[in-house]
Amino acid sequence: MFKSLLISIFIVLLILIVPSLLEQTGLVNKYTYVFENRDLIRIIFSGRTNAVQATFQDFIDSNNIVKWFIGKSGYETIEMDFFNTLFSYGLFGIIIIYSFFFYLIAIPLKRLFIRNDMYNYSYAKLVLYINLLILTISTIAGHIVFSAMTGPFLGIVNSLTYYKTTKNKKTK
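If you're wondering where the values come from, they're calculated on a predicted model, not measured in any experiment.

A. Structural view of the packing of helix α4 (residues 48–61) against helix α6 (residues 81–114). Close contact between α4 and α6 brings their axes to 11 Å; oriented N to C, the two are set at 25°. Between α4 and α6, the angle is such that the two are roughly parallel. The two elements α4 and α6 meet at a crossing, and its hand is left-handed. Contact residues: α4 offers Val52, Thr55, Phe56 and Phe59, while α6 offers Phe83, Leu86 and Phe87. Here the contact of α4 with α6 is built from residues that sort into 6 nonpolar, 1 polar and no charged.

B. Inspection of the nonpolar core at higher detail. Counting 26 residues, the largest nonpolar core has Met80, Phe87, Tyr98 and Phe101 as the members making the most contacts within it. Where this core is concerned, the elements lending two or more residues are α4, α6, α7 (124–140) and α8 (150–159). Ranked by residue count, the leading element in this core is α6, at 10 residues. Those residues in contact with Phe101, other than ones at most four positions away along the chain, are Leu135, Val145 and Leu154.

C. Spatial organisation of the environment of Leu135. Topologically, Leu135 is positioned in helix α7. Relative accessible area serves as the criterion here: at 12%, Leu135 is assigned to the buried category. C-alpha separation for the pair Leu135 and Ile105, spaced 30 residues apart in sequence, amounts to 9.6 Å. Every residue in contact with Leu135, bar those within four places of it in the chain, is listed here: Tyr98, Phe101, Phe102 and Ile105.

D. View of the side chain of Arg48. Within the fold, Arg48 resides in helix α4. In contact with Arg48, not counting residues within four places along its chain, are Ile78, Glu79, Met80, Ile140 and Ala141.

E. Representation of the packing of aromatic side chains within the structure. In the structure shown here, the tally under the stated rule is 10 aromatic pairs. On the basis of an interplanar angle of 90° and a centroid distance of 5.3 Å, the ring pair of Phe82 and Phe83 is categorised as edge-to-face. When the ring of Tyr89 is compared with that of Phe146, the centres are 5.9 Å apart and the planes differ by 40°; the resulting orientation is tilted. In this pair, Tyr89 is assigned in helix α6 and Phe146 in the loop between α7 and α8, connecting sequence segments 57 residues apart. Given the relative accessible area of 43%, Tyr89 is considered partly exposed. When its relative accessible area of 44% is taken as the criterion, Phe146 is described as partly exposed. These aromatic residues form a ring-pair network of at least three members: Phe56, Phe59, Phe82, Phe83, Phe87, Tyr98, Phe100 and Phe101.

The rules behind the values
- Residues numbered from 1 in each chain as written.
- Predicted model: local features only at pLDDT ≥ 70, side-chain atom pairs only at ≥ 80, totals over all residues.
- Heavy atoms only, no water.
- Axes fitted to C-alpha atoms, helices over the stretch in contact; angles between N-to-C directions.
- Helix = DSSP H or I, 4+ residues; strand = E, 2+ residues; numbered from the N terminus.
- Parallel < 35°, antiparallel > 145°, perpendicular 65-115°, else oblique.
- Left-handed = near helix turned anticlockwise from the far one by under 90°.
- Contact = heavy atoms within 4.5 Å.
- Nonpolar A, V, L, I, M, F, W, Y, C, P; charged D, E, K, R; others polar.
- Core = buried A, V, L, I, M, F, W, Y, C linked by side-chain atoms within 4.5 Å.
- Buried < 20%, exposed > 50% of the residue type's maximum accessible area, 1.4 Å probe, protein only.
- Phe/Tyr/Trp six-rings, centres within 6.5 Å; stacked < 30°, edge-to-face > 60°.

These values are about where atoms sit, not about what they do.
Okay, structure coming up:
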């Protein structure tokens, strides 16, 4: 009884206090302006698409096949890993770096669908989901593929693909 009363009071206080706090900080006005004056793509990508368009146009207009295949250092970081890789390391860099990530996605897919080992390797679904999420976030937000903090996490998560969760039954 006392616990539910405290929870009710806390919820009422949140409902009364949070809107006024948001109004005082200016967040409501800022986000109202952003949603009224920008499209959804600019909101999601924080304007990075403009930088991608300008840099990609410069990349293509250079008419330098060597730059297209092996890249060129010195481009401003766009904070979208796919395009940073393309501009800095070229098409070969995209193939080499992203083939590793596609390999990390293919291993749990093989366990789940080709071998049908879903019951022996129950973490394969989780690993597949995390790898797809990391690849998606790196494309949208960046700072994932080349981050030293991501490496150990990726190694630990992907090692779960090989972890058997069921024991083999002994035959008599």
